[in-house]
Amino acid sequence: MKILVIQTSRFGDLLQTTPMLHALRRRYPDASITVLSRYNVLEIYKDNPDIDYIELFNIEEYTNRLLNNPGDTYRSYTELRDAVNRLKSMKFDLLVNTTHDRFSTFLSYLIGSSEIKGMYLSPNKRLKIHIDGFWFRYLRCTSEFRQIAPFNLSDIYKNAIGGDQDTRKLFFNLEPKNELEAQNILIESPDTKICYIG
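Everything quoted here is computed from the prediction, not taken from an experiment.

*Asks:* Any details on helix α2 (residues 18-27)? Residues and values, ideally.
*Replies:* α2 sits mainly inside the fold: 7 of its 10 residues count as buried. Listed in full, the buried residues belonging to α2 are Thr-18, Pro-19, Met-20, Leu-21, Ala-23, Leu-24 and Arg-25.

Shown next, in the form of structure tokens:
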């Protein structure tokens, strides 16, 4: 089985997908799991044992060129086309789109899969947006009241792919030098708002 997880959001959202990735690994131990993410967040996923492959897409550069440099439109198009064709050729059995924006929704449609979870475009002529599953629909509705929502993002992601009560921890491999640097910042600046998990 081949699984693609699209997560192109910010650092915290990516980190909160790690329990879901572990739940996917536990559910499909022999699966090949690929994550499509942004260039600037490779550190979150690079040492995660639940991920087999990481595909990086420089979304910021791509959109900046597309919006601000009309002369680079063809280059932007060919980069997107090549990335989509490479991913499409992998023939994923399951695509999980955890980023609910228009770009990732469009990517889900272009890459395709026999099963898609999360937000995607239906393949009819109108390209209507669909959100598969209760938990992904719940996630889409919580943006307005996230501070009072009874579930955190990592639990929503995990439940969206079938849940796994034994999977609870976030995974982030912090190199010893960075861990020491974080500890020193906390010691030197006790008022600094840093959440250190270790």
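*Asks:* An account of the pairing of strand β5 (residues 116-121) is requested, with residue identities and associated values reported.
*Replies:* Burial within β5 is extensive, with 6 of its 6 residues counted as buried. Where strand β4 (residues 94-97) meets β5, 3 bridges bridge the pair, whose relative direction is parallel. Along β5, the bridge assignment pairs Leu-95 with Ile-116. Assessed by its sense of winding, the connection that carries the chain from β4 through helix α6 (residues 102-111) to β5 is right-handed.

*Asks:* How would you sum up the nonpolar core? Please name residues and give values.
*Replies:* Judged by nonpolar contacts, the single largest core of 26 residues is most densely connected at Ile-3, Val-5, Met-20, Leu-21, Leu-24, Tyr-45 and Val-96. When contributions to this core are tallied by element, the ones reaching two or more residues are β1 (2-6), α1 (11-15), α2, β2 (32-38), α3 (42-45), β4, α7 (134-141) and α8 (153-160). Apart from residues lying up to four places away in sequence, Leu-24 is in contact with Ile-3, Val-5, Ile-33, Leu-94 and Ile-161. Core analysis: the second largest hydrophobic core is formed by 17 residues, Ile-6, Ala-83, Phe-92 and Ile-116 among them.

Calculation notes
- Residues numbered from 1 in each chain as written.
- Predicted model: local features only at pLDDT ≥ 70, side-chain atom pairs only at ≥ 80, totals over all residues.
- Heavy atoms only, no water.
- Buried < 20%, exposed > 50% of the residue type's maximum accessible area, 1.4 Å probe, protein only.
- Helix = DSSP H or I, 4+ residues; strand = E, 2+ residues; numbered from the N terminus.
- Pairing = 2+ DSSP bridges.
- Right-handed = clockwise from strand over helix to strand, strands pointing away.
- Core = buried A, V, L, I, M, F, W, Y, C linked by side-chain atoms within 4.5 Å.
- Contact = heavy atoms within 4.5 Å.

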